[in-house]
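# Summary of the model geometry
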Amino acid sequence: NMKKQIIKVLLVITILFIDSHALANTTVHFNIETNTGSIYNQDITVSPCDNDNNPTTPDIESAYCALIQSDIASDWSGLWVNSINGIVNNDNSNSVYWMWLVNLNINNATSSSCDQNNPYSCSAKQYILKPNDHILFYYNTNPLNISVSNLNPTVGDNLTMTITELDLDSSWNPVWTPSLGATATRGTQSCTTVTDGTCSIVLDTAG
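Cut-off values and rules
Residues numbered from 1 in each chain as written. Predicted model: local features only at pLDDT ≥ 70, side-chain atom pairs only at ≥ 80, totals over all residues. Heavy atoms only, no water. Disulfide = S-S within 2.5 Å. Helix = DSSP H or I, 4+ residues; strand = E, 2+ residues; numbered from the N terminus. Pairing = 2+ DSSP bridges. Axes fitted to C-alpha atoms, helices over the stretch in contact; angles between N-to-C directions.

One pass over the full model with this rule turns up three disulfides. Disulfide pairing is shown between Cys49 and Cys65; the S-S distance is 2.0 Å. Taking the sign of the torsion about the S-S bond as the criterion, the disulfide between Cys49 and Cys65, at about -90 degrees, is left-handed. One end of the pair, Cys49, is in the loop between strand E2 (37-46) and helix H2 (63-69); the other, Cys65, is in helix H2, and 16 residues separate them in sequence. A disulfide bridge connects Cys114 with Cys122, and the sulfur atoms are separated by 2.0 Å.

Structure representation (structure tokens):
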């Protein structure tokens, strides 16, 4: 009857809408870093993939998809990665594990569930990529967060650079702490950070 036909049409439209969203691709910058060097560091266009091994749920373009589509070998247990490129968690009881960040964001969710605005609360299989995200998987090395006082300095300007490194507080929460003794280089000029993680140069060349 007419009512059933309308319901069928609406169902088809709904399915087409879901599928058209699921087929979106997202370009991000993808990094895999270890204490011995970089494994992967380039832009990648990520297609939706099956994150939960369930063909009945919609595919999403996640950080997990970026890793899978980079063709770097990895192994997973449920939501969490066990190894990347043959480097395993807690290798020989070294207490070192693979970690990951989105845009160096360490803000956690206020509940135990994944909050897309606070990706540190999510598994790489849960976080939905946004265009131009910077995705970082890292092992046995701490990321640095670097900022400068002026993005468009001119010759003679005093340029202050601030460097912080990712650390854990006494409750194992991630925090950015000042990086003492780091060398910041701009062209042929360099300076070494003091206790507050800052150092300065007087710009001698344009560019």
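Picking up where we left off.
On the basis of which strands lie adjacent, the open sheet formed by four strands has the order E2-E1-E7-E6 and mixed pairing. One side of each edge strand has no neighbouring strand; the edge strands of this open sheet are E2 and strand E6 (99-102). Taking the axes of each pair of neighbouring strands and ignoring which way they run, one obtains an average angle of 15 degrees across the sheet. The pairing of strand E1 (residues 26-34) with E2 spans nine bridges and is classified as antiparallel. Each residue of the ladder has a partner; that of Asn31, found in E2, is Asn41.

Note that all results are geometric; they support no functional claim without further evidence.
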